[in-house]
Amino acid sequence: MSDVTQILAAIEQGDANAADKLLPLVYEELRKLAAHRMANEAAGQTLQATALVHEAWMRLVGKENPKFATRAHFFAAAAEAMRRILINKARRYRALRHGGGHQRVDFEPAELASPSNDDQLLAVNEALDRLTALNKPEAELVKLRYFVGMTLDEAAEVLGISARTADNYWAHARAWLFHELKGQGH
């Protein structure tokens, strides 16, 4: 049993100091995953990888007695937390961009900014929710790859599946998502 798995078991049993022991073991890996994900965000991004890791960490272990069966379960939960943080941020930004209580200001058409990646991120999230209802393992793989930036091999390890199975899931999920997003005009 790995150190991470042992510490996760201690957290589940209510050991108040266990979370402090877990962070140094997983921080660099979470930071690397967050940095990879943030590299794909739009220019001018205000959320930094460190802030994303810290917010995800607080969501994961900030509540009483979080339950993580394994290291893979923990990283899957971290991927989901990062995904939700990025989606919520994109929704807040889009709401501001479409009014958000601000007054209208006239400007020249040349001043229009190009569409942001927030719209694409929200479209992917909505399609991913539909994929989850149809095929949860494929959706989990997409979350780890798209929202956390894991390689196919890393995601396969976290999910406890073979690299070949992960490759098959990825091929099908990509085709399915492409079809879904194309139908929405994204």
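Residues numbered from 1 in each chain as written. Predicted model: local features only at pLDDT ≥ 70, side-chain atom pairs only at ≥ 80, totals over all residues. Heavy atoms only, no water.

Engineer: With reference to specific residues and values, describe the overall build of the protein chain.
Structural biologist: Helices and strands together make up the secondary structure of the protein chain, namely eight helices and zero strands. Reading the protein chain from its N terminus to its C terminus gives the helix and strand order α-α-α-α-α-α-α-α. Put simply, the protein chain has 186 residues, and 40% of those count as buried. Relative to all contacts within the protein chain whose residues are 6 or more apart in sequence, the contacts with residues 24 or more apart total 63%. For the protein chain, the computed accessible surface area is about 11,000 Å², with 52% contributed by carbon and sulfur atoms. (Helix = DSSP H or I, 4+ residues; strand = E, 2+ residues; numbered from the N terminus. Buried < 20%, exposed > 50% of the residue type's maximum accessible area, 1.4 Å probe, protein only. Contact = heavy atoms within 4.5 Å. Areas by Shrake-Rupley, 256 points an atom, 1.4 Å probe, with all protein chains shown as cover.)

Engineer: Give a detailed account of the confidence of the model for the protein chain, specifying residues and quantitative values.
Structural biologist: For the protein chain, per-residue confidence averages 76 on the pLDDT scale, and 77% of positions sit at 70 or higher. Mean pLDDT across the secondary structure elements of the protein chain bottoms out at helix H2 (residues 18-39), with 76, and peaks at helix H7 (residues 152-159), with 90. In this model, residues 101-115 is a region of pLDDT below 50 whose contacts with residues beyond four sequence positions or in other chains number two contacts. (pLDDT = per-residue confidence, 0-100.)

Engineer: Quick one: what's the story with the environment of Arg-84, residue by residue and with numbers?
Structural biologist: Tracing the backbone shows Arg-84 in helix H4 (residues 71-97). Under the relative-accessibility criterion, Arg-84 is labelled partly exposed at 47%. For the pair Arg-84 and Asn-125, spaced 41 residues apart in sequence, the C-alpha to C-alpha distance is 9.2 Å. Here Glu-80 takes part through its side chain, which lies 2.9 Å from a polar atom of the side chain of Arg-84. (Polar contact = N/O pair within 3.5 Å; in protein donor to acceptor, adjacent residues only side chain to side chain.)

Engineer: An account of the nonpolar core is needed here, citing residue identities and associated values.
Structural biologist: Leu-22, Leu-30 and Phe-74 are the most contacted members of the largest nonpolar core, which has 56 residues in total. Sorting the residues of this core by element identifies helix H1 (3-12), H2, helix H3 (49-61), H4, helix H5 (117-134), helix H6 (136-148), H7 and helix H8 (163-183) as the ones contributing at least two each. Of all the elements, H4 adds the most residues to this core, at ten residues. For Leu-22, the contacting residues outside a window of four places in its chain are Val-4, Ile-7, Leu-8, Ile-11, Trp-57 and Phe-74. (Core = buried A, V, L, I, M, F, W, Y, C linked by side-chain atoms within 4.5 Å.)

Engineer: Give a description of H3 that names residues and reports values.
Structural biologist: Here H3 is 13 residues long and its end C-alpha atoms lie 18 Å apart, about the 18 Å a rise of 1.5 Å per residue gives. Ala-49, Leu-52, Val-53, Ala-56, Trp-57, Leu-60 and Val-61 are the residues of H3 that are buried. All buried residues of H3 lie within an arc of 135° about the axis, which places them on one face of the element. (Expected span 1.5 Å × (residues − 1). Arc of directions from axis to C-beta.)

Engineer: Would you mind going over H6 in detail, with residue names and values included?
Structural biologist: Compared with an ideal rise of 1.5 Å per residue, which puts 13 residues at 18 Å, H6 spans 17 Å between its outermost C-alpha atoms and is within 8% of the ideal. Looking at H6, one finds that the buried residues are Glu-138, Ala-139, Glu-140, Leu-141, Val-142, Lys-143, Leu-144, Phe-147 and Val-148. Positive backbone phi, at 85°, marks Gly-149, one or two positions downstream of H6.

Engineer: Describe the side chain of Glu-140, listing the residues and the values that go with them.
Structural biologist: Looking at the element boundaries, Glu-140 is found in helix H6. Reaching out from Glu-140, the side chain makes a polar contact with the side chain of Lys-143 at a distance of 3.2 Å.

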